[in-house]
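Take a look at the letters that make up each chain.
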Amino acid sequence: MRSSLLLIALLLIIVSLAMAEWGVVNIGQASPTGIASDSSGNRIIVSLANGGFWITENSGQTWEPINDQITDSYVLNGKSVDAMDPAADTLIAYLDAHPPTSRMEAYLSVNGGSDWFQYDVGLFWPDEIPLPNQNHVQILRDGYRMYDARSNGFLYSTSSGGAWTFVDLRPISSGTQGMYLEPGRPDTVYVYGYFGPDPDAGGATTGGILRSVDAGHSFQQLTFMDQLTDVDGFIIDMERLENGDLLALTAWDRIAQQNHEPFLISHDDGLSWQWIETEWIPEIPLEFIAIPERPGRVITGTTSPSGIWISEDYCQTWSRLENGLSDYSQACYEIYRNPYSGHLYVAPYGPGMYRSTDFGDSWQLVPGPPNGINSCFRFGAWRIDESGVMH
(Lines give C-alpha, C1' and ligand atoms only; values in the text may rest on other atoms or scores of the structure.)
Protein backbone atom coordinates (compact mmCIF):
# COMPACT_ATOMS: atom_id res chain seq x y z
CA MET A 1 0.00 0.00 0.00
CA ARG A 2 2.78 2.40 0.95
CA SER A 3 4.63 1.74 -2.30
CA SER A 4 1.44 2.43 -4.26
CA LEU A 5 0.98 5.78 -2.51
CA LEU A 6 4.59 6.71 -3.23
CA LEU A 7 4.14 5.80 -6.88
CA ILE A 8 0.98 7.91 -7.12
CA ALA A 9 2.77 10.87 -5.48
CA LEU A 10 5.69 10.53 -7.89
CA LEU A 11 3.34 10.46 -10.88
CA LEU A 12 1.60 13.61 -9.62
CA ILE A 13 4.95 15.40 -9.32
CA ILE A 14 5.95 14.36 -12.86
CA VAL A 15 2.62 15.57 -14.26
CA SER A 16 2.97 18.84 -12.33
CA LEU A 17 6.48 19.40 -13.70
CA ALA A 18 5.34 18.63 -17.23
CA MET A 19 2.53 21.18 -17.03
CA ALA A 20 4.64 23.89 -15.42
CA GLU A 21 5.97 26.89 -17.32
CA TRP A 22 9.76 26.82 -17.47
CA GLY A 23 12.32 29.36 -18.58
CA VAL A 24 16.08 29.95 -18.67
CA VAL A 25 17.89 32.59 -16.65
CA ASN A 26 21.54 33.70 -16.57
CA ILE A 27 22.52 33.61 -12.89
CA GLY A 28 26.25 34.23 -12.94
CA GLN A 29 29.02 36.23 -14.58
CA ALA A 30 31.54 34.58 -16.84
CA SER A 31 34.98 34.14 -15.26
CA PRO A 32 37.66 34.75 -17.91
CA THR A 33 40.56 32.39 -18.52
CA GLY A 34 42.47 35.31 -20.08
CA ILE A 35 42.25 39.11 -19.86
CA ALA A 36 43.87 41.88 -21.90
CA SER A 37 43.11 45.59 -21.96
CA ASP A 38 44.22 48.96 -23.25
CA SER A 39 45.76 51.46 -20.86
CA SER A 40 42.46 53.32 -20.37
CA GLY A 41 40.45 50.24 -19.43
CA ASN A 42 37.80 50.96 -22.06
CA ARG A 43 38.89 48.21 -24.45
CA ILE A 44 38.96 44.84 -22.71
CA ILE A 45 39.30 41.48 -24.43
CA VAL A 46 38.59 38.25 -22.56
CA SER A 47 38.83 34.56 -23.35
CA LEU A 48 36.29 32.16 -21.86
CA ALA A 49 36.39 28.40 -21.45
CA ASN A 50 33.67 27.10 -23.78
CA GLY A 51 32.78 30.71 -24.61
CA GLY A 52 35.50 31.89 -26.96
CA PHE A 53 36.53 35.55 -27.17
CA TRP A 54 34.63 38.76 -26.38
CA ILE A 55 35.54 42.45 -26.63
CA THR A 56 34.18 45.63 -25.07
CA GLU A 57 35.02 49.21 -26.05
CA ASN A 58 33.19 50.83 -23.11
CA SER A 59 34.63 49.15 -20.03
CA GLY A 60 32.15 46.29 -19.96
CA GLN A 61 28.88 48.10 -20.57
CA THR A 62 28.39 46.15 -23.81
CA TRP A 63 30.23 43.15 -25.23
CA GLU A 64 30.60 41.62 -28.68
CA PRO A 65 31.77 38.07 -29.52
CA ILE A 66 34.70 37.99 -31.96
CA ASN A 67 35.11 34.27 -32.60
CA ASP A 68 33.93 34.64 -36.20
CA GLN A 69 36.53 37.34 -36.87
CA ILE A 70 39.30 35.10 -35.55
CA THR A 71 38.60 31.83 -37.36
CA ASP A 72 36.07 30.09 -39.58
CA SER A 73 36.31 27.02 -37.34
CA TYR A 74 34.09 26.53 -34.30
CA VAL A 75 35.93 27.82 -31.21
CA LEU A 76 35.76 25.10 -28.57
CA ASN A 77 37.79 26.88 -25.92
CA GLY A 78 39.25 30.35 -25.56
CA LYS A 79 42.48 29.69 -23.68
CA SER A 80 44.06 33.12 -23.25
CA VAL A 81 44.64 36.49 -24.87
CA ASP A 82 47.51 38.98 -24.70
CA ALA A 83 47.76 42.68 -25.62
CA MET A 84 51.13 44.00 -26.74
CA ASP A 85 50.72 47.80 -26.86
CA PRO A 86 49.01 50.57 -24.85
CA ALA A 87 46.00 50.74 -27.20
CA ALA A 88 45.57 46.93 -27.27
CA ASP A 89 45.75 47.00 -31.06
CA THR A 90 48.28 44.16 -31.26
CA LEU A 91 46.64 41.04 -29.82
CA ILE A 92 47.38 37.32 -29.67
CA ALA A 93 44.58 34.81 -29.05
CA TYR A 94 45.15 31.15 -28.13
CA LEU A 95 42.33 28.68 -28.70
CA ASP A 96 41.12 25.18 -29.42
CA ALA A 97 38.93 24.91 -32.49
CA HIS A 98 37.01 22.32 -34.48
CA PRO A 99 37.94 21.35 -37.04
CA PRO A 100 41.50 22.14 -35.93
CA THR A 101 43.88 23.70 -38.39
CA SER A 102 46.93 23.14 -36.20
CA ARG A 103 47.81 21.98 -32.71
CA MET A 104 47.26 24.76 -30.15
CA GLU A 105 46.12 27.49 -32.49
CA ALA A 106 47.44 31.05 -32.14
CA TYR A 107 46.11 34.07 -34.00
CA LEU A 108 47.50 37.60 -34.32
CA SER A 109 45.62 40.88 -34.80
CA VAL A 110 47.25 44.26 -35.35
CA ASN A 111 44.05 46.34 -35.55
CA GLY A 112 42.36 45.80 -32.23
CA GLY A 113 40.67 42.51 -33.06
CA SER A 114 38.95 43.43 -36.32
CA ASP A 115 41.12 41.16 -38.48
CA TRP A 116 43.20 38.12 -37.53
CA PHE A 117 45.68 35.78 -39.16
CA GLN A 118 46.94 32.44 -37.97
CA TYR A 119 50.58 31.52 -37.91
CA ASP A 120 51.87 27.96 -37.70
CA VAL A 121 55.43 27.21 -36.65
CA GLY A 122 55.08 23.59 -37.74
CA LEU A 123 56.69 24.43 -41.08
CA PHE A 124 59.85 25.47 -39.26
CA TRP A 125 59.92 22.73 -36.59
CA PRO A 126 62.48 19.92 -37.09
CA ASP A 127 60.89 16.66 -38.22
CA GLU A 128 62.94 14.58 -35.76
CA ILE A 129 61.53 16.42 -32.71
CA PRO A 130 57.85 15.94 -31.77
CA LEU A 131 55.83 19.16 -32.06
CA PRO A 132 53.94 19.58 -28.76
CA ASN A 133 50.38 20.86 -28.49
CA GLN A 134 51.08 23.52 -25.89
CA ASN A 135 52.96 26.71 -26.67
CA HIS A 136 53.65 30.06 -25.02
CA VAL A 137 53.91 33.04 -27.35
CA GLN A 138 55.11 36.58 -26.74
CA ILE A 139 55.57 39.55 -29.04
CA LEU A 140 58.22 42.13 -28.22
CA ARG A 141 57.04 45.71 -27.95
CA ASP A 142 58.77 46.67 -31.20
CA GLY A 143 55.90 44.89 -32.96
CA TYR A 144 57.83 42.63 -35.34
CA ARG A 145 59.91 40.32 -33.13
CA MET A 146 58.05 37.26 -31.82
CA TYR A 147 59.00 34.39 -29.51
CA ASP A 148 57.34 30.96 -29.26
CA ALA A 149 58.38 28.65 -26.40
CA ARG A 150 57.34 25.00 -26.38
CA SER A 151 58.22 22.01 -24.25
CA ASN A 152 60.82 20.69 -26.70
CA GLY A 153 62.19 23.87 -28.16
CA PHE A 154 62.09 27.60 -28.75
CA LEU A 155 61.49 29.68 -31.87
CA TYR A 156 61.99 33.33 -32.68
CA SER A 157 60.80 35.42 -35.60
CA THR A 158 62.00 38.81 -36.79
CA SER A 159 59.25 39.10 -39.40
CA SER A 160 56.05 39.25 -37.31
CA GLY A 161 55.62 35.49 -37.58
CA GLY A 162 56.28 35.13 -41.31
CA ALA A 163 59.36 32.94 -40.77
CA TRP A 164 60.78 31.28 -37.66
CA THR A 165 64.18 30.04 -36.43
CA PHE A 166 64.28 26.97 -34.19
CA VAL A 167 66.48 26.72 -31.05
CA ASP A 168 66.82 23.28 -29.43
CA LEU A 169 66.36 23.51 -25.64
CA ARG A 170 66.55 19.77 -24.92
CA PRO A 171 70.06 19.72 -23.48
CA ILE A 172 68.97 21.93 -20.57
CA SER A 173 65.15 21.85 -20.59
CA SER A 174 62.55 19.09 -20.49
CA GLY A 175 59.24 20.95 -20.36
CA THR A 176 58.20 24.59 -20.72
CA GLN A 177 55.44 26.20 -18.66
CA GLY A 178 55.83 29.83 -19.66
CA MET A 179 57.98 32.72 -20.78
CA TYR A 180 58.84 36.13 -19.33
CA LEU A 181 60.15 39.21 -21.16
CA GLU A 182 61.68 41.96 -19.07
CA PRO A 183 60.42 45.50 -19.67
CA GLY A 184 63.31 47.64 -20.89
CA ARG A 185 65.47 44.64 -21.82
CA PRO A 186 64.32 43.66 -25.32
CA ASP A 187 67.03 41.02 -25.83
CA THR A 188 66.47 39.23 -22.49
CA VAL A 189 64.10 36.26 -22.56
CA TYR A 190 63.30 33.85 -19.72
CA VAL A 191 61.79 30.40 -20.29
CA TYR A 192 60.66 28.37 -17.27
CA GLY A 193 59.02 25.04 -16.55
CA TYR A 194 59.65 21.48 -15.34
CA PHE A 195 62.76 20.61 -13.37
CA GLY A 196 64.03 17.14 -12.49
CA PRO A 197 66.43 14.39 -13.59
CA ASP A 198 66.61 13.92 -17.35
CA PRO A 199 67.53 10.41 -18.61
CA ASP A 200 68.73 11.91 -21.89
CA ALA A 201 71.16 14.09 -19.93
CA GLY A 202 72.64 11.22 -17.93
CA GLY A 203 70.27 11.75 -15.02
CA ALA A 204 71.35 15.35 -14.44
CA THR A 205 68.71 17.76 -13.19
CA THR A 206 67.59 20.00 -16.02
CA GLY A 207 64.97 22.69 -16.44
CA GLY A 208 63.75 25.32 -14.02
CA ILE A 209 64.57 28.77 -15.40
CA LEU A 210 66.55 29.39 -18.60
CA ARG A 211 67.72 32.81 -19.79
CA SER A 212 68.76 34.27 -23.10
CA VAL A 213 70.47 37.65 -23.40
CA ASP A 214 70.80 37.55 -27.19
CA ALA A 215 67.11 37.67 -28.21
CA GLY A 216 66.60 33.91 -28.00
CA HIS A 217 69.53 32.75 -30.09
CA SER A 218 71.04 30.83 -27.15
CA PHE A 219 70.06 29.97 -23.56
CA GLN A 220 71.77 29.11 -20.30
CA GLN A 221 70.33 27.30 -17.30
CA LEU A 222 69.75 29.81 -14.52
CA THR A 223 68.48 27.57 -11.70
CA PHE A 224 70.19 24.36 -10.61
CA MET A 225 67.25 22.92 -8.71
CA ASP A 226 69.10 19.87 -7.38
CA GLN A 227 70.95 22.31 -5.11
CA LEU A 228 67.61 23.57 -3.72
CA THR A 229 65.41 20.47 -3.53
CA ASP A 230 65.46 16.72 -4.10
CA VAL A 231 61.87 16.68 -5.44
CA ASP A 232 60.75 17.13 -9.05
CA GLY A 233 58.52 20.11 -9.71
CA PHE A 234 57.79 23.11 -11.91
CA ILE A 235 58.52 26.80 -12.16
CA ILE A 236 55.10 28.16 -13.17
CA ASP A 237 55.56 31.95 -13.02
CA MET A 238 58.27 34.56 -12.61
CA GLU A 239 58.83 38.35 -12.61
CA ARG A 240 61.48 40.93 -11.81
CA LEU A 241 60.56 43.03 -8.78
CA GLU A 242 60.89 46.80 -8.59
CA ASN A 243 63.95 46.42 -6.34
CA GLY A 244 65.79 44.34 -8.98
CA ASP A 245 65.22 40.90 -7.42
CA LEU A 246 63.88 37.99 -9.47
CA LEU A 247 60.85 36.20 -7.98
CA ALA A 248 59.69 32.74 -9.11
CA LEU A 249 56.70 30.58 -8.14
CA THR A 250 57.02 26.78 -7.94
CA ALA A 251 54.47 23.98 -8.08
CA TRP A 252 54.57 20.40 -6.80
CA ASP A 253 52.29 17.50 -6.15
CA ARG A 254 50.23 17.91 -2.97
CA ILE A 255 52.58 15.81 -0.81
CA ALA A 256 55.67 17.78 -1.80
CA GLN A 257 53.71 21.04 -1.60
CA GLN A 258 53.31 20.54 2.16
CA ASN A 259 57.08 20.36 2.62
CA HIS A 260 58.20 23.22 0.38
CA GLU A 261 57.96 26.95 0.37
CA PRO A 262 56.36 28.05 -2.89
CA PHE A 263 58.49 31.11 -3.77
CA LEU A 264 62.12 31.40 -4.85
CA ILE A 265 64.00 34.70 -4.91
CA SER A 266 67.32 35.81 -6.37
CA HIS A 267 69.10 38.94 -5.16
CA ASP A 268 71.97 38.69 -7.65
CA ASP A 269 70.28 38.60 -11.07
CA GLY A 270 69.75 34.85 -11.04
CA LEU A 271 73.22 33.70 -10.04
CA SER A 272 71.88 32.19 -6.80
CA TRP A 273 68.40 31.45 -5.43
CA GLN A 274 66.86 31.05 -1.98
CA TRP A 275 63.48 29.88 -0.68
CA ILE A 276 61.35 32.61 0.91
CA GLU A 277 60.25 31.55 4.37
CA THR A 278 56.62 32.50 4.57
CA GLU A 279 53.51 32.24 6.68
CA TRP A 280 51.66 30.54 3.88
CA ILE A 281 48.11 30.51 2.61
CA PRO A 282 45.90 27.42 2.87
CA GLU A 283 45.83 26.35 -0.79
CA ILE A 284 48.10 26.03 -3.82
CA PRO A 285 49.03 29.28 -5.64
CA LEU A 286 48.46 29.31 -9.39
CA GLU A 287 50.12 32.56 -10.51
CA PHE A 288 51.16 35.94 -9.13
CA ILE A 289 51.70 39.56 -10.05
CA ALA A 290 54.04 42.02 -8.37
CA ILE A 291 52.87 45.63 -8.01
CA PRO A 292 55.88 47.92 -8.61
CA GLU A 293 53.88 51.02 -7.60
CA ARG A 294 53.48 49.46 -4.12
CA PRO A 295 56.94 48.07 -3.22
CA GLY A 296 56.66 44.70 -1.53
CA ARG A 297 53.08 44.06 -2.72
CA VAL A 298 52.43 40.72 -4.43
CA ILE A 299 49.01 39.26 -5.30
CA THR A 300 48.40 35.57 -5.97
CA GLY A 301 45.41 33.49 -7.02
CA THR A 302 44.93 30.07 -5.50
CA THR A 303 42.92 26.91 -5.96
CA SER A 304 39.45 26.59 -4.45
CA PRO A 305 38.28 27.61 -1.91
CA SER A 306 40.97 30.04 -0.84
CA GLY A 307 40.50 32.80 -3.41
CA ILE A 308 42.94 35.71 -3.79
CA TRP A 309 45.70 36.64 -1.35
CA ILE A 310 48.01 39.63 -0.91
CA SER A 311 51.45 40.15 0.62
CA GLU A 312 52.93 43.53 1.51
CA ASP A 313 56.40 42.22 2.42
CA TYR A 314 57.67 40.31 -0.63
CA CYS A 315 55.78 37.05 0.08
CA GLN A 316 56.76 36.63 3.73
CA THR A 317 53.25 37.05 5.18
CA TRP A 318 49.85 36.87 3.51
CA SER A 319 46.25 37.94 4.08
CA ARG A 320 43.06 37.45 2.10
CA LEU A 321 42.50 40.19 -0.47
CA GLU A 322 39.17 41.94 0.02
CA ASN A 323 38.71 45.72 -0.46
CA GLY A 324 35.64 45.38 -2.67
CA LEU A 325 36.07 41.83 -3.96
CA SER A 326 33.25 39.34 -3.57
CA ASP A 327 32.98 37.58 -0.21
CA TYR A 328 32.40 34.41 -2.19
CA SER A 329 35.91 32.95 -2.22
CA GLN A 330 36.74 30.67 -5.10
CA ALA A 331 39.69 29.60 -7.19
CA CYS A 332 41.30 32.38 -9.22
CA TYR A 333 42.93 31.27 -12.45
CA GLU A 334 43.62 34.66 -14.03
CA ILE A 335 45.37 37.74 -12.65
CA TYR A 336 46.41 40.44 -15.10
CA ARG A 337 48.32 43.71 -14.78
CA ASN A 338 48.34 46.19 -17.64
CA PRO A 339 52.02 47.16 -17.93
CA TYR A 340 51.25 50.67 -19.21
CA SER A 341 48.59 51.89 -16.76
CA GLY A 342 49.18 49.55 -13.80
CA HIS A 343 45.47 48.62 -13.80
CA LEU A 344 44.89 45.23 -12.21
CA TYR A 345 42.29 42.61 -13.11
CA VAL A 346 41.37 39.41 -11.25
CA ALA A 347 38.86 36.75 -12.28
CA PRO A 348 37.79 34.53 -9.36
CA TYR A 349 35.78 31.56 -10.57
CA GLY A 350 32.08 32.44 -10.25
CA PRO A 351 31.78 36.09 -9.16
CA GLY A 352 33.16 37.49 -12.44
CA MET A 353 35.92 40.01 -13.19
CA TYR A 354 37.16 42.82 -10.92
CA ARG A 355 39.46 45.77 -11.65
CA SER A 356 41.64 48.00 -9.51
CA THR A 357 42.87 51.37 -10.79
CA ASP A 358 44.77 52.18 -7.58
CA PHE A 359 47.27 49.27 -7.61
CA GLY A 360 45.15 46.92 -5.50
CA ASP A 361 43.94 49.32 -2.80
CA SER A 362 40.29 48.93 -3.92
CA TRP A 363 38.36 46.84 -6.45
CA GLN A 364 35.26 47.27 -8.58
CA LEU A 365 33.21 44.67 -10.47
CA VAL A 366 33.49 44.96 -14.26
CA PRO A 367 30.32 43.85 -16.10
CA GLY A 368 31.21 40.76 -18.07
CA PRO A 369 29.97 39.13 -21.28
CA PRO A 370 26.44 37.63 -21.18
CA ASN A 371 27.88 34.17 -20.93
CA GLY A 372 27.44 33.11 -17.31
CA ILE A 373 25.77 30.07 -15.79
CA ASN A 374 22.41 29.17 -17.30
CA SER A 375 19.78 27.67 -15.02
CA CYS A 376 16.20 26.49 -15.54
CA PHE A 377 13.44 27.98 -13.39
CA ARG A 378 9.65 27.61 -13.07
CA PHE A 379 7.18 30.47 -13.21
CA GLY A 380 5.01 30.42 -10.08
CA ALA A 381 5.33 28.24 -6.99
CA TRP A 382 4.16 24.81 -5.92
CA ARG A 383 1.68 24.25 -3.09
CA ILE A 384 0.98 21.02 -1.18
CA ASP A 385 -2.55 20.66 0.21
CA GLU A 386 -3.61 18.79 3.34
CA SER A 387 -3.91 15.53 1.47
CA GLY A 388 -0.32 15.75 0.25
CA VAL A 389 -1.13 16.66 -3.36
CA MET A 390 1.22 19.17 -5.01
CA HIS A 391 -0.38 22.04 -6.98
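First things first, this report covers the structure right here in the doc. (Residues numbered from 1 in each chain as written. Predicted model: local features only at pLDDT ≥ 70, side-chain atom pairs only at ≥ 80, totals over all residues. Heavy atoms only, no water.)

Section: the pattern of salt bridges
Applying the stated criterion across every chain yields a total of 14 salt bridges. The residue Arg 185 makes a salt bridge to Glu 182 at a minimum N-O spacing of 3.5 Å. Note that Glu 312 is salt-bridged to Arg 297, the shortest N-O span being 2.9 Å. Note that Glu 312 is positioned in the loop between β24 (308-311) and β25 (319-320) and Arg 297 in the loop between β22 (285-290) and β23 (298-302), a separation of 15 residues in sequence. (Salt bridge = Lys/Arg side-chain N within 4 Å of Asp/Glu carboxyl O. Helix = DSSP H or I, 4+ residues; strand = E, 2+ residues; numbered from the N terminus.)

Observations regarding the environment of Phe 263
The topology assignment puts Phe 263 in strand β20 (residues 263-266). Along the backbone, Phe 263 and Trp 275 are twelve residues apart, and their C-alpha atoms lie at a distance of 6.0 Å. Once residues lying within four places of it in the same chain are set aside, the contact partners of Phe 263 are Leu 247, Ala 248, Leu 249, Gln 274, Trp 275, Ile 276, Trp 280, Phe 288, Cys 315 and Trp 318. (Contact = heavy atoms within 4.5 Å.)

Quick notes on the nonpolar core
Counting 16 residues, the largest nonpolar core has Ile 45, Phe 53, Ile 66, Ile 70, Leu 91, Leu 95 and Trp 116 as its most contacted members. When contributions to this core are tallied by element, the ones reaching two or more residues are β4 (52-56), β6 (74-83) and β7 (91-98). With four residues, β7 is the single largest residue contributor to this core. Those residues in contact with Trp 116, other than ones at most four positions away along the chain, are Ile 66, Gln 69, Ile 70, Leu 91, Ile 92, Ala 93, Tyr 107, Leu 108 and Ser 109. Of all hydrophobic cores here, the second largest spans 15 residues; its members include Leu 247, Leu 249, Ala 290 and Trp 318. (Core = buried A, V, L, I, M, F, W, Y, C linked by side-chain atoms within 4.5 Å. Buried < 20%, exposed > 50% of the residue type's maximum accessible area, 1.4 Å probe, protein only.)

Description of unusual backbone geometry
Although it is not a glycine, Asn 50 sits at a positive phi angle of roughly 65°. On the secondary structure map, Asn 50 appears in the loop between β3 (44-48) and β4. In the Ramachandran plot, Tyr 314 falls in the positive-phi region, its phi being about 55° despite a non-glycine side chain. Examined against the element boundaries, Tyr 314 turns out to sit in the loop between β24 and β25.

Describing the pairing of β24
Side-chain direction in a regular strand flips from residue to residue, so the side chains alternate between the two faces of the sheet. With burial as the criterion, each face of β24 is covered, one bearing Ile 308 and Ile 310 and the other bearing Trp 309 and Ser 311. The pairing of β23 with β24 spans four bridges and is antiparallel. Each bridged residue has a counterpart across the sheet, and for Gly 301 the counterpart in β24 is Ile 308. (Pairing = 2+ DSSP bridges.)

Observations regarding the pairing of strand β28 (residues 353-356)
A two-sided burial pattern is seen for β28, the buried positions comprising Met 353 and Arg 355 on one face and Tyr 354 and Ser 356 on the other. As judged from the three bridges shared by strand β27 (residues 344-348) and β28, these two strands associate in the antiparallel manner. In the sheet register, Tyr 345 faces β28, and the bridge partner there is Arg 355. Counting the residues in the hairpin turn of β27 and β28 gives four residues, including Gly 350, whose phi is positive at 115°. Inspection of the sheet shows β28 paired to strand β29 (residues 364-366) by three bridges, in the antiparallel sense.

A word on the side chain of Arg 240
Tracing the chain through its elements places Arg 240 in strand β18 (residues 233-240). Residue classification places Arg 240 among the buried residues on the basis of a relative accessible area of 16%. A distance of 2.7 Å separates the side chain of Arg 240 from the backbone oxygen of Gly 244, its partner in a polar contact. (Polar contact = N/O pair within 3.5 Å; in protein donor to acceptor, adjacent residues only side chain to side chain.)

Purely geometric stuff here, so don't read any function into it on its own.
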